[in-house]
Amino acid sequence: MSRFFNKKYGNLEVYTPGEQPKDKKYIKLNTNESPYPPCPEVRAALGAEVVPTLFRNWSAVDDLRLYCDPECTALREALAYEYGTDAKNVYVANGSDDILNFAFAAFGENGVVCPEISYGFYPVFAKYNGIEYNSIPLNDDFTIDADRFCGVGKMVCIANPNAPTGLMLSIEEIEKIVVSNSENIVLIDEAYIDFGGESCMPLCDKYDNLLVVGTFSKSRSMAGARLGFCFGARCLIEDLETLKYSTNPYNVNSLTQLCGVATMKSQEYYDKNCEKIIEAREYTKSELEKLGGVFTDSMANFVFVKFPEFDGEYIYKALRERGILVRHFSNEKIKDYNRVTVGTMNDMKKFISAIKDIMGK
Ligand SMILES: *Cc1c(COP(=O)(O)O)cnc(C)c1O
């Protein structure tokens, strides 16, 4: 730390992103990216394929000299159309992490409550924004006890499905939490909703204290382009816009806006990818069961698994030696587990063989 660094940031505990290793080629099952590339329309938008005749004289690259649309109009309209809402109820940002940070800053004045085991960024954003952070333990089976989040008198932030467990609250449970905390914002982080869950986004029409956050990073194959979105009452979106126009009005660059719009034109392509991922996830669960693995019934694009006879970190390292990267967390309560991103069926067959090899089976 330099002697110039603002003291209020002196003891931040930063978030540790999953490894993006360069030393060799791994089967990368550690950061929940999609194993599939973006749709052909996204490739075309970037000029990677023959551009449609209509746009022959037009180049996204030439347009980089211009500032992008700060209102992200086309993108918000495309999202609004797909989700059956109005563009004025949509906010987009440079990844959903950006939205979470702003939401904590905007709505966390009374403090924020999260599940004890959840996305590691929540406590970091709370501290960064000087917000009191409280966590509520999960049940022993890693499920979230919705009743304990009712009437807490603070902002509530829950990932649904939760990470790294993949377990879900029902829409009814979420509605109960929203109704009982009407004086505070309830933020539902739906980063993994497309892998079989049902979005609670339609509740935004009914409640002005609900913010539902989504991302293009997982099901929509665009983690590197950085694009997140959220839905909420117009007054909430305006508050986020106030923070955006006070820091960085051009928070979503022009190439990402183009790719986002192109993505929304190919929902069927992404739906098919999600189906393939769900199939590979269920295959992985059934194989893990045969091997004595203990895992949650994940509804996300990862499985969360331990093997009673083996240390979690040992499995992580043994997989790494075999060219497979998964995510291990040192947190005492989950250190026996690993979070394994669901890749292609082929990736998962290789993962299962590696596990058999490690177990000597
Ligand atoms: C991956 C993830 C995010 C971050 O998504 P970005 O849009 O890439 O910033 C947010 N929340 C949860 C729970 C995640 O797992």
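Residues numbered from 1 in each chain as written. Predicted model: local features only at pLDDT ≥ 70, side-chain atom pairs only at ≥ 80, totals over all residues. Heavy atoms only, no water.

1. Some words on the sheet that holds strand β7 (residues 210-215)
- With mixed pairing, the 7 strands of this open sheet are ordered in space as β2-β8-β7-β6-β5-β3-β4. One side of each edge strand has no neighbouring strand; the edge strands of this open sheet are β2 (90-93) and β4 (133-136). Neighbour-to-neighbour, the strand axes of this sheet turn through a mean angle of 20°, independent of strand direction.
- Relative to β4, strand β3 (residues 112-115) is paired through 4 bridges, and the arrangement is parallel. Looking across to β4, one finds that Val113 is bridged to Asn134.
- Where helix α3 (residues 96-107) meets the sheet, it contacts β2, β3, β5 (155-159), β6 (186-189), β7 and β8 (228-231), and its direction lies at approximately 160° from that of β7.
- Helix-sheet contacts for helix α5 (residues 171-180) involve β5, β6 and β7, and the interaxial angle to β6 is about 155°. (Pairing = 2+ DSSP bridges. Helix = DSSP H or I, 4+ residues; strand = E, 2+ residues; numbered from the N terminus. Axes fitted to C-alpha atoms, helices over the stretch in contact; angles between N-to-C directions. Contact = heavy atoms within 4.5 Å.)

2. Brief notes about the packing of α3 against helix α6 (residues 234-247)
- Taken N-terminus to C-terminus, the directions of α3 and α6 make an angle of 105°; their axes are 10 Å apart at the nearest point. Overall, the two elements α3 and α6 adopt an arrangement that is roughly perpendicular. In this structure, α3 uses Phe102, Ala103, Ala105, Ala106 and Phe107 to contact α6, whose residues at the interface are Leu236, Asp239, Leu240, Leu243, Lys244 and Thr247.
- For the contact of α3 with α6, the class distribution of residues is 8 nonpolar, 1 polar and 2 charged. (Parallel < 35°, antiparallel > 145°, perpendicular 65-115°, else oblique. Nonpolar A, V, L, I, M, F, W, Y, C, P; charged D, E, K, R; others polar.)

3. Overview of helix α9 (residues 312-321)
- Those residues of α9 that sit buried are Gly312, Ile315, Tyr316, Ala318 and Leu319.
- On its buried face, α9 is in contact with β11 (324-325), β12 (338-341) and α10 (345-359).
- Capping the start of α9 is the job of one residue whose side-chain oxygen sits 3.3 Å from the backbone nitrogen of Glu313: Asp311.
- Gly323 lies just past α9 and shows a positive phi near 80°. (Buried < 20%, exposed > 50% of the residue type's maximum accessible area, 1.4 Å probe, protein only. Polar contact = N/O pair within 3.5 Å; in protein donor to acceptor, adjacent residues only side chain to side chain.)

4. Describing the pairing of β5
- Counting buried residues along β5, 5 of its 5 residues qualify, which places the element largely inside the surrounding structure.
- Alternating positions in β5 separate into two faces, Met155, Cys157 and Ala159 on one and Val156 and Ile158 on the other, with burial throughout.
- With 4 bridges connecting them, β5 and β6 associate as parallel partners. Note that in β6 the partner of Val156 across the bridge is Val186.
- Taken together, β5, α5 and β6 form a β-α-β motif whose crossover is right-handed. (Right-handed = clockwise from strand over helix to strand, strands pointing away.)

So far we have only geometry, and geometry alone does not tell us how the molecule works.
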